[in-house]
Amino acid sequence: MCGIFCMVSKFDNRTDHENKSQHDRCSELHKCPCDKIEKYLGHRGPDKVHDRRSNLSENWEGCFIGSVLRTQGDDTVSQPIEDENGNLFLWNGDVLYGALKTDFECDSKVVFEGFKSDPISTVVKIGGPYAFVFWNASRRQLWFGRDVLGRTSLLWHVSPVHVTLTSVAHKHSSFSEVPALGVYMVDLAEENQVEIQFYPWAHLKTNFSTLSDIPVTTRNTIVHCTLGDRSSRLTWSEGEPSLDELAIYQEQTSFASLLEHSEISYRVQNLLEVLTESVKCRVTTHPEVCKNCVRSCNHCSVAVLFSGGLDSTILAILAHQFVPVNKPIDMYNVAFQQKNGSFEVPDRLTGQASLKELKTLAPNRLWNFIQIDVTREQLDEMRTHTVTDLLHPLMSVLDDSIGCALWFAARGEGVLNGLKYSSPARVVLVGMGADEQLGGYTRHRNTLRHTGQWAALGRELASDTDNIARRNLGRDNRIMGDHGRQPRAPFLDERVVAYIDTLPPWHRCIPVTAWPPGKGDKLLLRLLAHRLGLSNAATFPKRALQFGSRIANSREKADHASPRL
């Protein structure tokens, strides 16, 4: 996890220009202290922080700040990276597979070399989450963007005389999220003011203007190496299942019996293969050290955000295959204090139950079940002083509850075996993306019931995947990155998304009366859990983090502005 900040602005023609610092101008533009933003940037990348301020041309100046959490390469590479020609690069990401993946060299160096040659032909080859800023000195072009699924945060504030980009901001600032719809470029060689050129991803049909009021000029579409042109995978989108296809779910009512059918077993096997590969690269791509050590150690370096539900328990058992047996896996289980003072919330109970199942399947693994108990006083304090800033520009009741739950969970500070414990993990696996793709929400069940059309459900699942960046991912990345850990989401690997895209909705879930919650929702994933030996976790109903941890008030409207923010 890294923190990146870039501000490119036109020279101030006032006579006191030379005496006015970049810090002062930044504060004037955004009405927030830049030192507050720099603090949060430093939290994201605690291994090294550096800044570079320079005149980019006769009319434009730039401020580039990078903070680094080393997750790839043998050495920590300071950012912004700069070469002898004045090119500058800020990279907050992970190349996890594909043509640009290397085993020993820092991925930011590899991507930087590609961008110097051709930003477009390079960005389409990247497999993994990222946000970037690249200054091409010879062409006077500023390139920036978020990854093809929008898993990493990037905010912007734009005017005719400046463009500012940052991983995280502040509650009194006026940033918005860069839409994760493509790649952006500002040509400062040709224009006297900021004009943004936009290169959209070919597989997305979302209109830019529906997500932002910042004017852009749309250029050619670009095709990602894995996601490509999505229409080729959605051949089922307007179809309905045959009676024979659905009959099997009427005849068979158990996971074991369904797995005896070759076609269903084949789909489960395919999902297992792509998900296993996704977990593998996320567990093995990092230094063999925890956050607190500089050389090889036996401390925990990989953790799981662990509610004990279906998604997190699958990730835990798959991660077990690739974490060295002499290292523990930390399990972050968060609970908020109830009116009676108790922390016995639903996620604590399911977490303990699934922990027993994991210990049975992997008895030689040390599973560190960390009980993260949050008092009401702690919640009020950290919400006010930290979480509200990290949530910006979001401020709904839903963002409030999820943001607070994720912040305390990802902090990894709690009680382990009766003693205080602070997790040193550098990487934390998270289950984001499973519900959107595999039909895990009640509204998916309602869509099928109200329309009677599987095609309508399929369109909703596709839309949920396309919109997850603006609904969830930028927010979650800003929140969890504040602890200097790298959140990684295996269900949102491009290869996993591409495979699930090929499946019609009735191959993913059967949200009908005969298959109630805990059975028909995310049925494909439940079958996978059962196959892995997670017979209990396979049956747990979907429970959102904010309700499982008991932070949310069910009487509040999720989309209303939170009075606490």
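To be clear, the structure that these remarks concern was listed above.
The model shown is predicted, which means the values in this text are computed figures rather than measured ones.

Counting secondary structure elements, the chain contains 18 helices and 20 strands. Taking 565 residues into account, the globule formula puts the C-alpha radius of gyration at 24 Å, and the chain, at 24 Å, falls close to it. By its C-alpha atoms, the chain is 80 × 55 × 50 Å across when sized along the principal axes. Within the chain, the proportion of its 565 residues that are buried is 61%. Contacts spanning at least 24 positions in sequence make up 72% of the contacts within the chain whose residues lie at least 6 apart. For the chain, the accessible area works out to roughly 22300 Å², and carbon and sulfur atoms hold 48% of it. For the chain, the distance from the average position of its 63 positive side-chain charges to the average position of its 66 negative side-chain charges is 5 Å.

We now examine the pattern of salt bridges. Inspection of the entire model under this criterion finds 29 salt bridges. We note a salt bridge from Arg 475 to Asp 399, for which the minimum N-O separation is 2.9 Å. With Arg 475 in helix α14 (residues 454–480) and Asp 399 in helix α11 (residues 397–411), this residue pair connects regions lying 76 residues apart in the sequence. Judged by relative accessible area, which is 8%, Asp 399 ranks as buried. Put simply, Asp 464 and Arg 443 hold a salt bridge, and the shortest N to O gap is 2.8 Å.

Moving on to the side chain of Lys 522. Tracing the chain through its elements places Lys 522 in the loop between α16 (505–508) and α17 (523–531). Classification of Lys 522 as buried rests on a relative accessible area of 3%. Side chain to side chain, Lys 522 and Asp 311 meet in a polar contact 2.8 Å long. Filtering out sequence-adjacent residues up to four positions away, Lys 522 remains in contact with Leu 310, Asp 311, Ala 434, Asp 435, Leu 438, Gly 439, Gly 440, Arg 508 and Cys 509.

Let us look at the packing of helix α7 (residues 262–284) against α17. It is the contact of α7 with α17, at a shortest axis distance of 9 Å, that shows an interaxial angle of 80°. Looking at the two axes, α7 sits roughly perpendicular to α17. Across the interface between the two elements, Ile 264, Ser 265, Arg 267, Val 268, Gln 269, Leu 271, Leu 272 and Leu 275 from α7 touch Leu 524, Leu 525, Leu 527, Leu 528 and Arg 531 from α17.

Turning our eyes to something else, we now look at the nonpolar core. Formed by 102 residues in total, the largest nonpolar core has its most connected members in Val 123, Phe 132 and Leu 142. Considering every element that reaches this core, the biggest residue donor is α11, with eight residues. With residues up to four places along the chain from it excluded, the contact list for Val 123 reads Phe 115, Tyr 130, Phe 132, Val 183, Trp 201 and Ile 222. Counting 57 residues, the second-largest nonpolar core is a separate cluster that includes Leu 258, Leu 315, Ala 319 and Val 496.

Across the sheet, seven strands lie side by side as β4-β5-β6-β7-β11-β12-β13; this open sheet has mixed pairing. Of all strands in the sheet, those bounded by a partner on one side alone are β4 (81–82) and β13 (216–218). Direction of pairing for strand β5 (residues 88–93) relative to strand β6 (residues 130–136): antiparallel, over a ladder of six bridges. Bridged to Leu 90 within β6 is Val 133. The sheet strands contacting helix α3 (residues 107–117) are β4, β5 and β6, and the helix crosses β5 at an angle near 130°.

As for its position among the elements, Val 49 is in strand β2 (residues 48–55). Judged by relative accessible area, which is 51%, Val 49 ranks as exposed. Leave out the neighbours within four places in its chain, and Val 49 touches Gly 42, Gly 66 and Ser 67.

Where like charges cluster on the molecular surface, the negative patch consists of Asp 244, Glu 245, Glu 251 and Glu 263. Ranked by residues supplied to the negative patch, first place goes to helix α5 (residues 243–251) with three residues. Looking at Glu 263, the relative accessible area reads 58%, which means it is exposed.

Right, let's talk about the environment of Gly 548 for a bit. Within the secondary structure, Gly 548 is located in helix α18 (residues 545–548). Linking Gly 548 and Arg 348, residues 200 residues apart in sequence, is a C-alpha distance of 8.1 Å. If near-sequence neighbours (up to four positions away) are discounted, Gly 548 is found in contact with Val 345, Pro 346, Asp 347 and Arg 543.

Criteria and cut-off values
- Residues numbered from 1 in each chain as written.
- Predicted model: local features only at pLDDT ≥ 70, side-chain atom pairs only at ≥ 80, totals over all residues.
- Heavy atoms only, no water.
- Helix = DSSP H or I, 4+ residues; strand = E, 2+ residues; numbered from the N terminus.
- Rg over C-alpha atoms; globule rule 2.2 N^0.38 Å.
- Buried < 20%, exposed > 50% of the residue type's maximum accessible area, 1.4 Å probe, protein only.
- Contact = heavy atoms within 4.5 Å.
- Areas by Shrake-Rupley, 256 points an atom, 1.4 Å probe, with all protein chains shown as cover.
- Lys, Arg positive; Asp, Glu negative; His and termini not counted.
- Charge placed at Lys NZ, Arg CZ, Asp CG, Glu CD.
- Salt bridge = Lys/Arg side-chain N within 4 Å of Asp/Glu carboxyl O.
- Polar contact = N/O pair within 3.5 Å; in protein donor to acceptor, adjacent residues only side chain to side chain.
- Axes fitted to C-alpha atoms, helices over the stretch in contact; angles between N-to-C directions.
- Parallel < 35°, antiparallel > 145°, perpendicular 65-115°, else oblique.
- Core = buried A, V, L, I, M, F, W, Y, C linked by side-chain atoms within 4.5 Å.
- Pairing = 2+ DSSP bridges.
- Patch = residues over 30% accessible without salt bridge, like charges linked within 9 Å, V, L, I, M, F, W, Y side chains within 5 Å.

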